[in-house]
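Next come the chains, spelled out residue by residue.
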Amino acid sequence: MTFRLDHAWVWDFWFADDGDTFHLFYLHAPKNLGDPELRHRNARIGHATSVDLVDWQDHGPVFGPGQPGTFDETATWTGSVLRGPDGVWRMFYTGARFLDAGGNVETIGVATSPDLHTWTKQPGPLIEADGRWYERLGDSSWPEEAWRDPWVFPDPAGDGWHMLITARANHGADDDRGVIGHATSPDLQAWTVRPPLSRVGAGFAHLEVPQIATVEGESVLLLSCDTPRLSAARRKAGQAGGVWSVPAAAVLGPYPVEDATLVVEESLYSGRLIEDRTGRTVMLAFDNSTIDGGFTGSISDPIHVSWSPERHGIVPLALQSKGTPE
């Protein structure tokens, strides 16, 4: 059954798998705000568990924003969770700080847990956008300093850890600066910002919730971008936004985001790939549609996906015989 809360909108999310139980961490904000656009300034992180990715038990809030003056003083946004070699679970998450003068600065922090239930924020921020490669607030007309949605994974050769980040380059057209930011760490504690793993000019103003995964032996970068954040050229060509996949010749890129293909249109958003207990790769996404003018704000059931050699990307299995969106 779809994961939803009666009292709150639910949107971006990420998983941890302890081997027995799937742990869902999700953003939520109270519906009594009235305007769903206000959810971004009021986002908190919640936790639910499931044994099958279908039936969920909600455990309520994990944590919310920090004290005034901290990097996450306004809201806590999207992240990822993994267990380090020391046995400690780490949640890398986005801290949002909305400024009185206008604009929003995003930076990345970390919280730790022994059991995926009780979390302790560590002093932060952990890393922030480096102006050598990345846009800072005020460098363009873009209303935020984009440095969010950290996706952390081990180096394939065992040489430390990598983080993929939603970021914007410090050059190019304002509507076409979206890149995959990159940082590395030897120990999950000290992080170094690196140049982006994709090129400017791929046709996206931002590349949200990036995730690198393997589907049927193929490395795939999954990301999301809605229609208003596509470049003018993509919109003029009649393209619609949603969840996108990018073929990756190597797990560590570079990623040819210009070759992205649409997996599902933007009525579903912020897709995440995970293996179910049968070993199938499935995607879940949040319901980005509106009913009677209201934002739905819930998380879908698993959607079985597969690799399409013809499209050089992933497609929902049910759509393979019917054609997929261009």
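Residues numbered from 1 in each chain as written. Predicted model: local features only at pLDDT ≥ 70, side-chain atom pairs only at ≥ 80, totals over all residues. Heavy atoms only, no water.

Details of the overall build of the protein
Consideration 1: Within the protein, the regular secondary structure consists of one helix and 23 strands.
Consideration 2: On C-alpha atoms alone, the protein measures out to a radius of gyration of 18 Å, which is about the 20 Å that the 2.2 N^0.38 rule sets for 326 residues.
Consideration 3: Residue burial in the protein is summarised as follows: out of 326 residues, 55% are buried.
Consideration 4: Relative to all contacts within the protein whose residues are 6 or more apart in sequence, the contacts with residues 24 or more apart total 51%.
Consideration 5: Of the roughly 13,500 Å² that the protein leaves accessible, carbon and sulfur atoms contribute 50%.
Consideration 6: In the protein, 25 positive and 44 negative side-chain charges are present, and the distance between their average locations comes to 4 Å. (Helix = DSSP H or I, 4+ residues; strand = E, 2+ residues; numbered from the N terminus. Rg over C-alpha atoms; globule rule 2.2 N^0.38 Å. Buried < 20%, exposed > 50% of the residue type's maximum accessible area, 1.4 Å probe, protein only. Contact = heavy atoms within 4.5 Å. Areas by Shrake-Rupley, 256 points an atom, 1.4 Å probe, with all protein chains shown as cover. Lys, Arg positive; Asp, Glu negative; His and termini not counted. Charge placed at Lys NZ, Arg CZ, Asp CG, Glu CD.)

Focus on the layout of surface pockets
Consideration 1: Its volume calculated, the largest pocket comes out at about 870 Å³.
Consideration 2: Around the largest pocket, the lining is made up of 32 residues, and of these Glu37, Arg39, His40, Glu208 and Arg229 lie nearest the centre.
Consideration 3: Every element with two or more residues in the lining of the largest pocket is listed here: strand 1 (8–17), strand 5 (75–83), strand 7 (104–113) and strand 10 (147–154).
Consideration 4: A per-class count over the lining of the largest pocket returns 12 nonpolar, nine polar and 11 charged.
Consideration 5: Of the volumes computed, that of the second largest pocket is approximately 530 Å³.
Consideration 6: As for the second largest pocket, its lining consists of 23 residues, and the residues nearest its centre are Trp151, Gln211, Ile212, Leu273 and Ile274.
Consideration 7: Listing elements by their share of the lining of the second largest pocket, those giving two or more residues are strand 1, strand 5, strand 10, strand 14 (208–215) and strand 18 (268–275).
Consideration 8: Across the lining of the second largest pocket, the residue classes tally to 15 nonpolar, four polar and four charged. (1 Å grid on protein atoms, 1.4 Å probe; cavity = no way out; pocket = protein on both sides within 12 Å on 5 of 7 lines; lining within 4 Å. Points joined across faces, edges and corners; volume = space filled by probe spheres on them. Nonpolar A, V, L, I, M, F, W, Y, C, P; charged D, E, K, R; others polar.)

As for the sheet that holds strand 16 (residues 242–247)
Consideration 1: Spatially, the four strands line up as an open sheet ordered 14-15-16-17, and their pairing is antiparallel. Because the sheet does not close on itself, it has two edges, and the strands there are strand 14 and strand 17 (261–265). Looking at each pair of strands side by side, their axes are set apart by 25° on average, direction ignored.
Consideration 2: As paired strands, strand 14 and strand 15 (residues 218–225) are joined by six bridges and run antiparallel to one another. Residue pairing in the sheet places Val215 in a bridge with Glu218 of strand 15. (Pairing = 2+ DSSP bridges. Axes fitted to C-alpha atoms, helices over the stretch in contact; angles between N-to-C directions.)

A look at the pairing of strand 12 (residues 178–185)
Consideration 1: Taken across its eight residues, strand 12 has eight buried, putting it largely inside the fold.
Consideration 2: With eight bridges connecting them, strand 11 (residues 161–168) and strand 12 associate as antiparallel partners. The residue of strand 12 that forms the bridge with Leu164 is His182.
Consideration 3: The turn joining strand 12 and strand 13 (residues 192–194), which pair antiparallel and follow one another in sequence, is formed by six residues; a positive phi near 70° is taken by Leu188.

Observations concerning the sheet that holds strand 10
Consideration 1: Spatial ordering of the open sheet is given by 10-11-12-13, a layout of four strands whose pairing is antiparallel. Of all the strands in the sheet, just strand 10 and strand 13 have a single pairing partner and so form its edges. Pairs of neighbouring strands in the sheet enclose a mean axial angle of 30°, with direction left out of account.
Consideration 2: When strand 10 meets strand 11, the two strands line up antiparallel, connected through six bridges. Bridge assignment links Val152 to a residue of strand 11, and that residue is Met163.

So, unusual backbone geometry
Consideration 1: Following Gly124, the chain continues into Pro125 via a peptide bond in cis, with omega recorded as 10°.
Consideration 2: With an omega of 5°, the peptide bond between Gly253 and Pro254 qualifies as cis.
Consideration 3: By secondary structure assignment, the location of Pro254 is in the loop between strand 16 and strand 17.
Consideration 4: Positive phi outside glycine occurs at Leu188, with the angle close to 70°.
Consideration 5: For Leu188, a relative accessible area of 3% gives the class buried.

What about the confidence of the model for the protein?
Consideration 1: Confidence in the prediction for the protein averages 95 pLDDT; 97% of positions are at 70 or higher.
Consideration 2: Taken as a whole, residues 320–326 scores under 50 in pLDDT and shows 12 contacts with residues more than four places along the chain or in a different chain. (pLDDT = per-residue confidence, 0-100.)

Brief notes about the nonpolar core
Consideration 1: Counting residues in hydrophobic clusters, the biggest one holds 42 residues, and the most contacted among them are Phe25 and Trp119.
Consideration 2: Put simply, the parts of the chain that give this core at least two residues each are strand 1, strand 2 (22–30), strand 3 (44–50), strand 4 (57–63), strand 5, strand 6 (89–98), strand 18 and strand 19 (281–287).
Consideration 3: One finds Leu164, Ile180, Leu230 and Val246 within the second-largest nonpolar core, a separate group that totals 20 residues. (Core = buried A, V, L, I, M, F, W, Y, C linked by side-chain atoms within 4.5 Å.)

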